[in-house]
Amino acid sequence: MLRIGLFLLTNLAVLILAGIIFNLFGFQGILAANGVDLNLSGLLTLCAVFGFGGALVSLLLSKTIARMSTRTQVITQPQTADEQWLVETVRELSGKAGIGMPDVGIFPMQQANAFATGWNRNSALVAVSAGLMQRFSRDEARAVIGHEIGHVANGDMVTLALIQGVVNTFVMFFARLVGFFVDRVVLKNEQGLGIGYFVTSIIMDILFGFLAMMVVAWFSRRREYRADAAGANLTTRESMAAALMRIKSESESGREQPLPSNMKAFGIYGNMGALMASHPPLEDRILALQNR
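Residues numbered from 1 in each chain as written. Predicted model: local features only at pLDDT ≥ 70, side-chain atom pairs only at ≥ 80, totals over all residues. Heavy atoms only, no water.

Looking at the overall build of the chain
Note the threshold: Labels follow the DSSP assignment, with helices taken as runs of H or I lasting at least four residues and strands as runs of E lasting at least two, numbered in each case from the N terminus. Working definition: with a 1.4 Å probe on protein chains only, accessible area under 20% of the residue-type maximum means buried, over 50% means exposed, and in between means partly exposed. Contact criterion: two residues are considered in contact whenever any of their non-hydrogen atoms come within 4.5 Å of each other. All accessibility values rest on the Shrake-Rupley procedure with a 1.4 Å probe; residue burial counts only the protein chains present in the view.
Counting its secondary structure elements, the chain contains eleven helices and four strands. For the chain, the proportion of its 292 residues judged to be buried stands at 49%. Sequence-distant contacts, at least 24 apart, represent 70% of the contacts inside the chain between residues at least 6 apart. Carbon and sulfur atoms make up 63% of the accessible area of the chain, which totals about 13,900 Å².

Concerning the packing of helix α7 (residues 138–153) against helix α9 (residues 195–234)
Keep this limit in mind: Here an axis means a line fitted to C-alpha atoms, over the contact stretch when the element is a helix, while the angle between two N-to-C directions is reported on a 0 to 180 degree scale. An angle counts as roughly parallel when it lies under 35 degrees, as roughly antiparallel when it exceeds 145, as roughly perpendicular when it falls between 65 and 115, and as oblique in every other case. Handedness of a crossing is defined here by the sense of rotation of the near helix relative to the far one, left-handed for an anticlockwise turn of less than a right angle and right-handed for a clockwise turn. Only Asp, Glu, Lys and Arg are considered charged in this grouping, and only Ala, Val, Leu, Ile, Met, Phe, Trp, Tyr, Cys and Pro are considered nonpolar; every other residue, Gly among them, is considered polar.
It is at 7 Å that the axes of α7 and α9 come closest, and there the two elements cross at 125 degrees. One element, α7, and the other, α9, form an angle in the oblique class. Between α7 and α9 lies a crossing whose hand is right-handed. In this structure, α7 uses R142, A143, G146, H147, I149, G150 and H151 to contact α9, whose residues at the interface are R223, E224, A227, D228, A230, G231 and L234. Per-class residue counts for the contact of α7 with α9 are five nonpolar, five polar and four charged.

With respect to α7
Defined as follows: Expected span, for any helix, means 1.5 Å times one less than how many residues it has.
Helix length check: α7, at 16 residues, gives a terminal C-alpha distance of 22 Å against a target of 22 Å (1.5 Å per residue), a fit within 8%. When you tally the buried positions in α7, you get twelve out of 16 residues, the bulk of the element. E140, A141, A143, V144, I145, G146, H147, E148, I149, G150, H151 and V152 are the residues of α7 that are buried. Directly after α7, the chain includes G155, whose backbone phi takes a positive value near 70 degrees.

In structure tokens, the structure reads:
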């Protein structure tokens, strides 16, 4: 409930701050003087409801979506020595990190990867790929699990959802604000909402959404360093660095099978494209660990 309260307080803070900015700069009067009769506070509130609402629903359903999209099999009763080791390791490290025992699963992917998700740090899901279990040493796999438990302990899933809610709100708001301006001021439409509003809003949703993704990706990259540090603290710095070096070696060998796009931000390894990357380059992560 604390995290739901954080969602609501963040939402309220966004609305209050934006309202103060609108009043200080006289945006309402500027728009009215240009023929745009628009209730900015009402529009912002509506966008916040949808923006934060979508992020909240995604967060609450994150475990279910993760299991379905990755075909993760949750271990209810270990059947093999590997499954027993995995469950016991998650139990040990989660206790060390001070969080509740997560659900534990394995997903059928030959690339070495892992992810953690869930709306509550005491009710999360930690899963590793079959490829990681097969090829990584116990120390390397343990460090990867520590990394994912670090995400849970740091509350990264909730924080990422909060940031997503904020950017969703402002993407929707400014896209519709530009749409109103084009419709009323540029196209001189005075009969409700015209085609200019709808077309412009869609285009701006795409443009602003692309820019917003850069903000979310930037935060996602920052949190990877923190999770690496958590993995090193829960295990050892050498084990965490060795795990990252193994992942780097496998990615360079062409053994790639990425997580579904909706899960990339939650895995230990993700796409490596500059501003839109959810993870920093592995070289940078290894160097950061070595310099700790």
